[in-house]
Amino acid sequence: MDIGTLGGLAIGFFVLIVGIVIAGGVTGLFGFISISSVFITLGGSFAAVMISNTLGRTFGMVKVLRNALRVRPMEAGRIISMIVTFSEKARREGLLALEDDLDELDDDFLRKGIQLVVDGTDPEIIRNIMETELNSMQARHEEGIKIFEDWGFLAPAFGMIGTLIGLILMLRNIEDKTAIGPGMSTALITTLYGAVLANLVLIPVANKLLYNNNQEILIREIMIEGTLSIQSGDNPRIVKEKLISFLPPEIRAQVEEETGERE
Amino acid sequence: MDIGTLGGLAIGFFVLIVGIVIAGGVTGLFGFISISSVFITLGGSFAAVMISNTLGRTFGMVKVLRNALRVRPMEAGRIISMIVTFSEKARREGLLALEDDLDELDDDFLRKGIQLVVDGTDPEIIRNIMETELNSMQARHEEGIKIFEDWGFLAPAFGMIGTLIGLILMLRNIEDKTAIGPGMSTALITTLYGAVLANLVLIPVANKLLYNNNQEILIREIMIEGTLSIQSGDNPRIVKEKLISFLPPEIRAQVEEETGERE
Amino acid sequence: MDIGTLGGLAIGFFVLIVGIVIAGGVTGLFGFISISSVFITLGGSFAAVMISNTLGRTFGMVKVLRNALRVRPMEAGRIISMIVTFSEKARREGLLALEDDLDELDDDFLRKGIQLVVDGTDPEIIRNIMETELNSMQARHEEGIKIFEDWGFLAPAFGMIGTLIGLILMLRNIEDKTAIGPGMSTALITTLYGAVLANLVLIPVANKLLYNNNQEILIREIMIEGTLSIQSGDNPRIVKEKLISFLPPEIRAQVEEETGERE
Amino acid sequence: MDIGTLGGLAIGFFVLIVGIVIAGGVTGLFGFISISSVFITLGGSFAAVMISNTLGRTFGMVKVLRNALRVRPMEAGRIISMIVTFSEKARREGLLALEDDLDELDDDFLRKGIQLVVDGTDPEIIRNIMETELNSMQARHEEGIKIFEDWGFLAPAFGMIGTLIGLILMLRNIEDKTAIGPGMSTALITTLYGAVLANLVLIPVANKLLYNNNQEILIREIMIEGTLSIQSGDNPRIVKEKLISFLPPEIRAQVEEETGERE
Amino acid sequence: MDIGTLGGLAIGFFVLIVGIVIAGGVTGLFGFISISSVFITLGGSFAAVMISNTLGRTFGMVKVLRNALRVRPMEAGRIISMIVTFSEKARREGLLALEDDLDELDDDFLRKGIQLVVDGTDPEIIRNIMETELNSMQARHEEGIKIFEDWGFLAPAFGMIGTLIGLILMLRNIEDKTAIGPGMSTALITTLYGAVLANLVLIPVANKLLYNNNQEILIREIMIEGTLSIQSGDNPRIVKEKLISFLPPEIRAQVEEETGERE
């Protein structure tokens, strides 16, 4: 999990706690702990998520989360340098010469692409295979992200369900007017739990996963374009031009530098 | 219905009941039973679903539900193995040799595709026929899913309608102030019913149907790609590469193993 | 209007009335009649629909409604049989022989297509003309459906506007505390009207129109595909395969039977 | 502004006023006038619209409104007749003969297309130029419509902001219990203003603009298709068939008549 | 930041302050200052934005804002004139002659395109490179805009969270009935902050960024089309026709004038 995500979570909960302490003192905090609200909000919405998925997918969520929140350095520059180097080697020594470099490649997707090039596979088939793999990966990631989005949608609904349960019980037995205030207070805690769970945890995490997914797709698209450029024997300068077009201008300068000595 | 779905429903209702018992005692539970709320929430929203559909479609929903919630083993691996085997046989013995295997095929869609290949149909026409069938299936499934989504949208609306009816009746005859509490309590039960029906049953079930539909489409896409690869006489190794690109990496290894002895 | 739609409307209103009678007795029903609420909810939201449209379109809505809600037997099977028969005749006796059958065709769209085939029009132009007509029809239907969707969105808004008006009037003159209850009761009736109008009538009707529209588009797509298949001289068996791919499996068997004697 | 739009606005406000008079008498009406609510609702939401746009665009809105709400007779029939006439002339006397008719054309878009045809421009380039112009026009219109949609979204938000301000001020100084009712009454007026502004004016006007835009795009698409048909020397009968496919069946008959003498 | 945006912000806050002063007097203003509400609304929603992004992106937001809100004269006319001039020069003196003008070009994107033309790169590759760069720019801008949209969605949620916290604390300790009013008043301030932050600042700014982004994409599309037209040796008159099709009619006249002397 990277610093922004961890820091954001810490700051978010800190801010809410400070807000409570300012308004209600430190003792006010204890009034916000409610086991039955956790039960209904977290338990109920998690049950609804379970219904929407197979058991395997529900608990696979933890893996999705771990993979997707890990710190991912912006490595597009390094990959473009590598592809440009391959492209130069292929023009000098032929496509077969790339076979020696396959073992050093730490990315399965790019290695598979270069392997297909070395095997002399038809370019249309290479594009087909690599794009199918990219699309399938994207579809799987989006399914994982959808779990968090669905959960973020359901959590406030279960918060409201809990508050309705509290109100129905409280209103039925109104004799003691002084009990109304505390009764409503307790009923509202469930709505608060649902709102915080959704807006401070689930929705931001879903957004984060979406952003990481977009980064990963971008890198894969560079790899597909690069692999096909190597195969078609494009001029390495053109290969570089093509690939850095995917990057923001500020990163381009840096890539130019890394690969600059060749021109 | 698979374990995740059944278990989720059980856990969801269990959690709500426990929440009620913690807050209101076991006797509190009886206060949540309301025949007229069932009438308005379930009856009213189901009537609205009936209006949106023909009678056949409304009651066909039960079949959609049964088909779509059944446990569906991830059988993509087995199908890819089968297609690769066909592809090898076709290269050794010709496309006509596949006719013998048609009877063993337990999937109508794949059998129709292979039959068209054996008949010597034009590849463009085969793709056209298979994709039309896939798109039509997808459109029909999405119509079925839309019924549950519409219902999940209408249930809370009828919950609110019931609560409005209760409030209008109650507020008109306010003389006895002690009746306000219990009156509102009763009125709110309909909102609770609508919220639980939508968020614990209908929306999660619609999500589940959507997920199962995506799985089924994926398998059909593999079948289309495989059928056309067999016909075009692709190298079986390439056929396998093409088809496993549709799968997540963890399942690929297993498919590699099953079909591995051939290389 | 087919049975599902009529029955759903009857059941929906019956359920709401029963709900009122259970909670408030038969006399309770009279309290739900409010002319000024009809005025604001129905009148106000209809005025907003008028603003969005020309007069012609607003009152054309009635025709849209009548056409679109009429019972429409699933006649795709009959049309496919007819096209397959045409395809056989065209192969035996030439495309010109179809001219004799044009008068018997009761569908303008298909007749126009076959006429263009008989005239020897270029296939690209035939596809262009038929698809333009299909797209225009779809765009017009969607405009008609949008009127009901917009109305269904605006009705609850005007319900709320009416309740706000009631509350503002009532709250201003609070002296007699016993008038608050009945005042709020009356104010809420407008919200109820808006919610029932939208959720029991307008939104379900819009959904129904959408479903009928999809059915009509499906039949037209079959006609386009069939017309072009006849012209290109496809084998009638292939024509049938192509067209039944549009249908659900359970209807396919029946079509196979009707056209089965030919094989 | 056409009759439907003007009439709808008149009816809408009339209905609301009648609703108020029925419930609160004629004197009740005065209670709904509030300068500060106009300030917050109209002023606040207009300020938010200004932030979203350049000054030029914000005040260009008035022109968008005037152009887009003007009565626009359904002139597609006349345009099709004209194009069919051009097509006949071009076949008889050659494309250059159309130059004489250019001055009579009152539509810039069609004249530009025919001019390009007369100049002997490549069909691909003509399609490219005309479609670019159509897409740019559509994008500009949609930007104009978006201003009203955004405003319609923001107006109720500022209505709620005004009500919150009113409630916060009122609740702080509660000593005199009799002031609560009138205080809430005043606070709610701002919400009412926001709801009426959005649902009776802004959202319906945005819908109307959208509908007019669709009409205009339809006519331009007919012009593009017609221009290219003239250039390609299509049979005038086919040109007519192509172009009337864009129209609803009831208008087609009328166009058939106007152009009928030629066949 | 251009005048519309600055002016709109000033007017918006002015209008709200005037509304408060009219209803509550100048002293009423002080009651709307609440540090803990700023903490929860602004701090909480910003923390949620941090979770969704990497630290770099969160603070890169400031740059996005500065770049995107700067005054941007509608310079499409100037760019079209320049491209038409290039196109004439290229026809007279050959594509290589454009090399001399490259240094004067102040736009990186257009310079890169012309450079590729001068280098004799294949047109397909030039289109590929320029469109990739355009798409990547658009994707990056949309990510930046999404930050403001997400924030605008989260701010009212945290406003509601703050109000829930205030209500829960207040209701628990109701003994003194006179404290209810001021307690609710304070609790509602957080909702007000969230609503103003979202509807007067974040959502309008996101809309503004979206509009500026559309302008920038339009200019880049003109550059791509122009570069490829120069390379293909199109007649400069046709080049101009193609490019001004992207512009609104009122700006076209002005461009015609600037480039008019050539015809």
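Residues numbered from 1 in each chain as written. Chains lettered and ligands numbered in written order. Predicted model: local features only at pLDDT ≥ 70, side-chain atom pairs only at ≥ 80, totals over all residues. Heavy atoms only, no water.

**Brief notes about the relation of the copies chain B and chain C**
So, step 1. Expressed as a screw operation, the relation of chain B to chain C combines 0.0 Å of axial shift with a rotation of 72 degrees, fitting to an RMSD of 0.0 Å. Between the two chains, the operation in question is that of a five-fold axis. In terms of C-alpha distance to the rotation axis, chain B has B:Lys177 as its closest residue, with the C-alpha 9.7 Å off the axis. (Least-squares fit on C-alpha atoms with pLDDT ≥ 70 in both.)

**What to know about the interface of chain B and chain C**
So, step 1. Taken together, the contacts link 43 residues of chain B with 54 residues of chain C.
So, step 2. Across the chain B/chain C interface, buried area totals approximately 4,000 Å², and carbon plus sulfur atoms make up 72% of it.
So, step 3. Taken together, the links from chain B to chain C amount to three salt bridges.
So, step 4. Of the charged contacts, one joins C:Arg252 and B:Glu133 as a salt bridge, the two residues approaching to 2.9 Å between their closest N and O atoms.
So, step 5. Here chain B and chain C share 12 residue pairs in polar contact (both at pLDDT 80 or more) between them.
So, step 6. Within the residue set of the side of chain B that touches chain C, elements represented by two or more residues are α2 (35-52), α3 (55-69), α5 (108-118) and α6 (123-172) of chain B.
So, step 7. A class-by-class count of the residues in the side of chain B that touches chain C yields 23 nonpolar, 10 polar and 10 charged. (Contact = heavy atoms within 4.5 Å. Buried area = accessible area lost by both parts, 1.4 Å probe. Salt bridge = Lys/Arg side-chain N within 4 Å of Asp/Glu carboxyl O. Polar contact = N/O pair within 3.5 Å; in protein donor to acceptor, adjacent residues only side chain to side chain. Helix = DSSP H or I, 4+ residues; strand = E, 2+ residues; numbered from the N terminus. Nonpolar A, V, L, I, M, F, W, Y, C, P; charged D, E, K, R; others polar.)

**Things to note about the nonpolar core**
One broad rule of soluble globular proteins: the nonpolar side chains tend to lie buried together.
So, step 1. Counting residues in hydrophobic clusters, the biggest one holds 189 residues, and the most contacted among them are A:Ile165, B:Ile165, C:Ile165, D:Ile165 and E:Ile165.
So, step 2. When sequence neighbours within four positions are dropped, the list of residues in contact with E:Ile165 reads A:Leu16, A:Ile20, A:Phe32, A:Leu192 and E:Ile40. (Core = buried A, V, L, I, M, F, W, Y, C linked by side-chain atoms within 4.5 Å. Buried < 20%, exposed > 50% of the residue type's maximum accessible area, 1.4 Å probe, protein only.)

**Re the interface of chain E and chain D**
So, step 1. Across the contact, 54 residues belong to chain E and 43 residues belong to chain D.
So, step 2. Summed over both sides, the interface of chain E with chain D buries roughly 4,000 Å², with 72% coming from carbon and sulfur.
So, step 3. On the chain E side of the contact with chain D, E:Asn199, E:Tyr211 and E:Ser245 bury the most area, a combined 13% of that side's loss.
So, step 4. Counting every contact that joins chain E to chain D gives three salt bridges.
So, step 5. At the junction of chain E with chain D, the criterion picks out 12 residue pairs in polar contact (both at pLDDT 80 or more).
So, step 6. With 22 residues, helix α7 (residues 180-231) of chain E is the single largest residue contributor to the side of chain E that touches chain D.
So, step 7. Within the side of chain E that touches chain D, the residues separate by chemical class into 28 nonpolar, 17 polar and nine charged.

**Regarding helix α4 (residues 76-93) of chain B**
Residue and element names in this part refer to chain B.
So, step 1. Between its first and last C-alpha atoms α4 spans 26 Å; for 18 residues at 1.5 Å apiece the expected length is 26 Å, and the two agree.
So, step 2. Summarising burial for α4: 13 of the 18 residues are buried, a large majority.
So, step 3. Gly-94 lies just past α4 and shows a positive phi near 95 degrees. (Expected span 1.5 Å × (residues − 1).)

**As for the pattern of salt bridges**
So, step 1. This model, assessed by the stated rule, comprises 70 salt bridges over all chains.
So, step 2. Across the pair E:Lys112 and A:Glu241 runs a salt bridge whose closest N-O atoms are separated by 3.2 Å. Of the two residues, E:Lys112 is situated in helix α5 (residues 108-118) and A:Glu241 in helix α8 (residues 236-244); the pairing between them involves two chains. Considered together, E:Lys112 and A:Glu241 belong to a single accessibility category, that of buried residues.
So, step 3. Through salt bridges with shared partners, one network takes in A:Lys112, A:Glu133, B:Glu241 and B:Arg252.

**Some remarks on the packing of helix α7 (residues 180-231) of chain B against helix α8 (residues 236-244) of chain B**
All names here are of chain B.
So, step 1. Across the interface, α7 lies against α8 with an axial gap of 10 Å and an inter-helix angle of 165 degrees. In terms of axis orientation, α7 runs roughly antiparallel to α8. In this structure, the crossing between α7 and α8 has a hand that is right-handed. Listed contacts from α8 to Ile-222, Glu-225, Gly-226 and Ser-229 of α7 are Val-239, Lys-242 and Leu-243.
So, step 2. Taken together, the residues of the contact of α7 with α8 break down into three nonpolar, two polar and two charged. (Axes fitted to C-alpha atoms, helices over the stretch in contact; angles between N-to-C directions. Parallel < 35°, antiparallel > 145°, perpendicular 65-115°, else oblique. Left-handed = near helix turned anticlockwise from the far one by under 90°.)

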